Amino acid sequence: MTRLSGYFLPTERQAPADAEALSHKLTVRAGLARQVGAGLWSWLPAGWRVHQNVVQIVREEIDAAGGQEMLMPLITPAELWKRSGRYAIDEVFKFRDRRDAELVLAMTHEETVTTHVANAVRSYRDLPLVLYHFQTKGRDEPRPRAGLLRTREFIMKDAYTFDRDFDGLDVAYERLAGAYDRIFDRCGLEWYSVESDVGAMGGTGAHEYMAPCAAGENDVALAPGYAANVEIASAEPRPVPPLSGLEGELHTPGQTTIEAVAGALGIDPGQALKAFPVVTESRGLVMVMLRGDHRVNEVKLANALCESVRPATAEELEAQGLVAGYMGPREGVPMLLDDAVHEGPWVVGANRPDHHRVRTVTGERADVRTVEVGDTVNGNPITIEPAIEVGNIFKLGTRYSEPLGATYLDENGAEQLIVMGSYGIGPARITAAAIEQYADEKGISWPRSIAPWDVEVVSLGKPGTPERAAAEALYDELREAGLDALLDDTDAGTGEKFTIAELLGVPLRLTVGRRSLESGAAEAQVRRGRVDHEGGVPLAGAAEAVRELWRSLP
RNA sequence: CGGGGAGUGGCGCAGUCUGGUAGCGCACCCGGCUGGGGGCCGGGCGGUCGCAGGUUCAAAUCCUGUCUCCCCGACCA
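Residues numbered from 1 in each chain as written. Chains lettered and ligands numbered in written order. Predicted model: local features only at pLDDT ≥ 70, side-chain atom pairs only at ≥ 80, totals over all residues. Heavy atoms only, no water.

Peer 1: How should the sheet that holds strand β6 (residues 93-96) be read in this particular structure?
Peer 2: Within a sheet, each strand pairs with its neighbour through backbone hydrogen bonds, oriented either parallel or antiparallel. Taken in spatial order, the three strands of this open sheet run β5-β7-β6, and their pairing is antiparallel. Looking at strand neighbours, the two that pair on one side only are β5 (75-77) and β6, the edges of this open sheet. Neighbour-to-neighbour, the strand axes of the sheet open up by a mean angle of 35°, direction not taken into account. Where β5 lies against strand β7 (residues 102-105), three bridges are found, and the strand directions are antiparallel. Looking across to β7, one finds that T76 is bridged to V104. (Pairing = 2+ DSSP bridges. Helix = DSSP H or I, 4+ residues; strand = E, 2+ residues; numbered from the N terminus. Axes fitted to C-alpha atoms, helices over the stretch in contact; angles between N-to-C directions.)

Peer 1: Would you take a moment to explain the packing of helix α1 (residues 22-29) against helix α9 (residues 427-438) for this structure?
Peer 2: The description of two helices packed together rests on the angle between their axes and the distance between the axes. Two elements in contact, α1 and α9, have axes separated by 9 Å at closest approach and are oriented at 105°. In terms of axis orientation, α1 runs roughly perpendicular to α9. Together, L22, S23, L26 and T27 of α1 and A432, I435 and E436 of α9 make up the contact between the two elements. Split into classes, the residues belonging to the contact of α1 with α9 amount to four nonpolar, two polar and one charged. (Parallel < 35°, antiparallel > 145°, perpendicular 65-115°, else oblique. Contact = heavy atoms within 4.5 Å. Nonpolar A, V, L, I, M, F, W, Y, C, P; charged D, E, K, R; others polar.)

Peer 1: For this particular structure, what's the right way to read the sheet that holds strand β17 (residues 309-311)?
Peer 2: Spatial strand order, β17-β15-β16-β18-β21: five strands in an open sheet with mixed pairing. Pairing within the sheet leaves two strands with one partner each, and these edge strands are β17 and β21 (364-366). Ignoring strand direction, the axes of neighbouring strands in this sheet form an average angle of 35°. For strand β18 (residues 335-338) and β21, the ladder comprises three bridges, and the chain directions are parallel. Looking at the pairing, L337 lines up with R365 of β21. Against the sheet, helix α7 (residues 298-305) contacts β15 (273-280), β16 (284-291), β17, β18 and β21, and its axis sits at roughly 60° relative to β15.

Peer 1: How should the packing of aromatic side chains be read in this particular structure?
Peer 2: The way to describe two aromatic rings as a pair is by their centre distance and the angle between their planes. Summed over all chains, the structure comprises nine aromatic pairs. Relative to Y209, the ring of W191 has its centre 5.8 Å away and its plane inclined at 35°; by these criteria the two rings are tilted. You can see W191 sitting in the loop between α5 (166-186) and β10 (192-195) and its partner Y209 sitting in strand β11 (residues 205-212), a full 18 residues away along the chain. The structure contains a cluster of three or more aromatic residues connected by ring pairs, namely Y180, F184, W191 and Y209. (Phe/Tyr/Trp six-rings, centres within 6.5 Å; stacked < 30°, edge-to-face > 60°.)

Peer 1: For this particular structure, what's the right way to read the protein's contact with RNA strand B?
Peer 2: Around RNA strand B sit 45 residues, and of these R86, R143, Y400, E502 and E523 come closest. Among the atoms of RNA strand B lying within 4 Å of the protein, the sugar-phosphate backbone contributes 50%. In the model, a phosphate oxygen of RNA strand B is placed 3.2 Å from a nitrogen or oxygen of the A17 main chain. In this structure, a phosphate oxygen belonging to RNA strand B sits 2.8 Å away from a side-chain N or O atom of Q35. Among the elements of the structure, β2 (33-37), α11 (494-504), β30 (508-512) and α12 (514-519) are those that each provide at least two residues to the surface near RNA strand B. Ranked by residue count, the leading element in the surface near RNA strand B is α11, at eight residues. Here the residues of the surface near RNA strand B sort into 14 nonpolar, 10 polar and 21 charged. (Near = heavy atom within 4 Å. Polar contact = N/O pair within 3.5 Å; in protein donor to acceptor, adjacent residues only side chain to side chain.)

Peer 1: Where do I start with the pairing of strand β20 (residues 355-359) in this structure?
Peer 2: Consecutive residues of a regular strand have side chains that alternate between opposite faces of the sheet. Note that strand β14 (residues 249-251) and β20 share three bridges and pair antiparallel. Along β20, the bridge assignment pairs L250 with H356. With antiparallel pairing between neighbouring strands as the criterion, strand β19 (residues 346-352) and β20 make up a hairpin whose turn holds two residues, including D354 at a positive phi of roughly 65°.

Peer 1: I would appreciate a short explanation of the packing of helix α2 (residues 45-64) against α5 in the present structure.
Peer 2: α5 packs onto α2 with a crossing angle of 155° between their chain directions and a minimal axis gap of 9 Å. One finds that α2 runs roughly antiparallel with respect to α5. The way α2 lies across α5 gives a crossing that is right-handed. Residues I57, V58, E60, E61 and I62 of α2 form the contact with α5, whose own contacting residues are L176, A179, Y180, R182, I183 and R186. Among the residues forming the contact of α2 with α5, the class breakdown is seven nonpolar, no polar and four charged. (Left-handed = near helix turned anticlockwise from the far one by under 90°.)

Peer 1: Explain the pairing of β15 here, please?
Peer 2: Across the eight residues that make up β15, a large majority, six, are buried. Count of turn residues in the β15/β16 antiparallel hairpin: three residues. Note: β15 against β17, three bridges, orientation antiparallel. Of the residues in β17, the one forming a bridge with V278 is P311. (Buried < 20%, exposed > 50% of the residue type's maximum accessible area, 1.4 Å probe, protein only.)

Peer 1: Please explain the environment of D489 as it appears in this structure.
Peer 2: By secondary structure assignment, the location of D489 is in the loop between β29 (485-488) and α11. Classification of D489 as buried rests on a relative accessible area of 11%. For the pair D489 and S5, spaced 484 residues apart in sequence, the C-alpha separation works out to 5.8 Å. Discounting residues that sit within four places of it in the chain, D489 has contacts with R3, L4, S5, R468 and K497. Among the polar contacts made by the side chain of D489, one reaches the main-chain amide nitrogen of L4 at a distance of 3.4 Å.

Peer 1: Mind showing me how you'd approach unusual backbone geometry here?
Peer 2: Most peptide bonds adopt trans geometry, and most residues besides glycine take a negative phi value. The amide bond that connects L127 to the next residue, P128, takes the cis arrangement and shows omega of 0°. Relative to the helices and strands, P128 is located in the loop between α4 (110-120) and β8 (129-138). With a phi close to 70°, D100 is a non-glycine residue in the positive phi region.

Peer 1: I would appreciate a short explanation of the pattern of salt bridges in the present structure.
Peer 2: Opposite charge on two side chains allows them to pair when their charged atoms are near. The tally for this structure, following the rule as stated, stands at 31 salt bridges. Its salt-bridge partner being R429, residue E217 comes within 3.7 Å of it at the nearest N-O pair. One end of the pair, E217, is in the loop between β11 and β12 (218-223); the other, R429, is in helix α9, and 212 residues separate them in sequence. Residue classification places E217 among the partly exposed positions, given a relative accessible area of 32%. As a salt-bridge pair, R369 and D375 come within 3.0 Å of each other at their nearest N and O atoms. (Salt bridge = Lys/Arg side-chain N within 4 Å of Asp/Glu carboxyl O.)

Peer 1: How should α7 be read in this particular structure?
Peer 2: K300, L301 and L305 are the residues of α7 that are buried. Buried residues of α7, viewed axially, fall in a sector of 125°; they line one side. Contacts from the buried residues of α7 go to β15, β16, β17 and β18. With a side-chain oxygen lying 2.9 Å from the backbone nitrogen of V299, the N-terminal cap of α7 falls on N297. Just downstream of α7 lies C306, where phi reads positive at about 60°. (Arc of directions from axis to C-beta.)

Remember, this is a structural readout, not a statement about activity or role.
What follows is the structure, encoded as structure tokens:
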């Protein structure tokens, strides 16, 4: 029973001055959520309805995939995190209780759930398992941003699978991936899954579920049949003609950038090589060489070298006789060539001021560049677009079962490590993504599956009038028919009611006023596209017509 | 963490440079009109200027310190 009079829906005509992202502005303007502190938000009643709708869809699909819902605490002993090795992560909220015991706000629940499984599971007969919960996560983000998009406290659905071996994990992973597909479809999002980086976590496979939108924090490379996070994407580079007409030493005074060198020599930037000196713990200085028109991808580089990298310092360069602005291959400095760098010839730095030279290059090769627009995959040019990560699935393997001692006895009585997967979804991000993807200049346009209400009845009549009575009757009838209806029975003016209805974004709006009484029908407008439904819906026996119309909505 | 910006009624802002005791629009309350796109008229309530200290006869305004928030980047299971 929801009447707008008396409902806590504080709308704003203007967005907060510091809001940038569309979903941030609309979340506040439509009275869905309010900020408490940096990255800390309260859900207001209307917003919480949306969140709950998303949660219910997720719950149904994870249950259907064999999930068993439970609940683990937000506060956890630091000891667990020290054992798993995650205590050192900066984003972990750490604090102490009155007895000075160290505690942690869980950022996810691998440690906790694995401990339970380690204690309870003894035999291969106890596996497999899919356990999950919806629980608040604490993350001390260095930079919360964009309203609900990146917060320091948020509810996540995190699921964990426990299997006897990697084959079992693959099966569970595929089943959960199928559930994820259905979840995002049902939520009405435009989405795709992309391969993602597993590097630091030591997993064996991972996908991210991305909802494209302007406020997205991730860049995704797309081509027909291909989607990958730019962090790890691979593609064929734009071809460049072989270098010709130049050889030997080149005088390039003051030309310290590829653009300057290419401009002065009249060559394509892709015919010169760029040097990117990095330092790793085990290798020391490594000279990464890329085509001049390409950029280093540090995630791919770190993955290729199997260790973290940092840029070399000026002192380290000098010690090797490398000259900033004119760096090139040099005796005694190991080189790593990007895959796009063939043997040559190339224009490269000569390692002395104001000089480049032409030469061929050889060395270890790896794909370490960032893809860019103009590259191709299977002959198709790629595009790159921003997206919100709304979910991720990850083959953890034994990353947690090993340190936390989660093992079982197999058929032969031999102790084996349990093989795990983890699967996260952020309902708040789904909510924000839906706003981002479908909002127009008037406000939000919810997918019907997650909308705070199914239908909004705008009553234009004053209390006591026949128009108002008709609106009330319609509202009652819709509710009795099982539709989730919102009645605007406030004494606001007509324009204000319509404006707020469009801001709030309920998928179907029915208007009952004088005209309705004359025609015997309530006007119906579909929020998506603001399309008037021809003839409206009859006031007599409206529920059936409304239900049918509602079913046809996006 | 680096760079930039901002804290003045619920929201959006002006006032700060050039100290003189706080103002505008919207919202809100009361009355009336209006009643199909945040309508109109009239009358009201509400802030001590993020916080602390200092200078001064006098501080939103000048000085010092501090807290908070936002944006870009770094970072980000």
